[in-house]
Amino acid sequence: MSIAYKQIVIQPKQKKGRKFERYEIEASGKIEGVRIKNNMITLHKPIPVTIKNMSANGVLFKGISGCLDVGMQLQLYMDVTDSGMRYEYKVVRKQNSNPETEEYGCKMVAKKK
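Calculation rules
- Residues numbered from 1 in each chain as written.
- Predicted model: local features only at pLDDT ≥ 70, side-chain atom pairs only at ≥ 80, totals over all residues.
- Heavy atoms only, no water.
- Buried < 20%, exposed > 50% of the residue type's maximum accessible area, 1.4 Å probe, protein only.
- Helix = DSSP H or I, 4+ residues; strand = E, 2+ residues; numbered from the N terminus.
- Pairing = 2+ DSSP bridges.
- Phe/Tyr/Trp six-rings, centres within 6.5 Å; stacked < 30°, edge-to-face > 60°.
- Lys NZ or Arg CZ within 6 Å of the ring centre and 35° of its normal.
- Salt bridge = Lys/Arg side-chain N within 4 Å of Asp/Glu carboxyl O.
- Contact = heavy atoms within 4.5 Å.

## Some thoughts on the pairing of strand β6 (residues 73–78)
Part 1: Here β6 lies mainly inside the structure; five of its six residues are buried.
Part 2: Pairing analysis gives five bridges linking strand β3 (residues 22–36) to β6, with the strands arranged antiparallel. Considered in β6, the bridge of Val34 is made with Leu74.
Part 3: Looking at chain direction, β6 and strand β7 (residues 85–95) are connected through six bridges and run antiparallel.

Structure, rendered in structure tokens:
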């Protein structure tokens, strides 16, 4: 079954051993903040990213190479619905790195209002 958000067609992709289906998408987003110790620090200038896929508990996005490390927590805004979606994520892996961009795999920590 396909799901359409903001005229984006999302196709499910299930990998063996995964709890949740992944949906391949191409949508814009931005990192609005990073957690340092127990404080979410709002960025004066959000970092633009491209959402590559998402599931019920995670997201993969492409961003500037080297801007995040595994273990960091961030607030991510995704432009995938009429009102957008805002969640807090923890970076669990980096992949497809090159000098300009890399992909960040993240697990959801909390939904933001």
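## Here's the deal with the packing of aromatic side chains
Part 1: Counted according to the given criterion, the structure contains two aromatic pairs.
Part 2: The ring of Tyr77 carries the charged tip of Lys30 above its face, separated from the ring centre by 5.5 Å.

## Some words on the pattern of salt bridges
Part 1: Taken as a whole, this structure holds five salt bridges when the rule is applied.
Part 2: One network of salt bridges, with partners in common, ties together Asp69, Lys94 and Glu102.

## Here's the deal with the environment of Lys30
Part 1: Tracing the sequence through the fold places Lys30 in strand β3.
Part 2: Residue classification places Lys30 among the partly exposed residues on the basis of a relative accessible area of 33%.
Part 3: Separated by 20 residues in sequence, Lys30 and Thr50 have C-alpha atoms that sit 8.0 Å apart.
Part 4: Not counting the four nearest positions on each side in its chain, Lys30 is found in contact with Pro46, Ile47, Pro48, Val49, Gln75, Leu76 and Tyr77.

## Description of unusual backbone geometry
Part 1: Positive phi values are uncommon outside glycine, yet Lys37 reaches one of about 55°.
Part 2: Exposure remark for Lys37: the relative accessible area of 78% places this residue in the exposed category.

## Brief notes about the pairing of β3
Part 1: Judged from the 11 bridges that link them, β3 and strand β4 (residues 39–54) form a sheet pairing that is antiparallel. Across the sheet, Ser28 pairs through a bridge with Thr50, a residue of β4.
Part 2: In textbook terms, the turn of a hairpin is the stretch between consecutive antiparallel strands, and for β3 and β4 this stretch comprises two residues, one of which, Lys37, has a positive phi near 55°.

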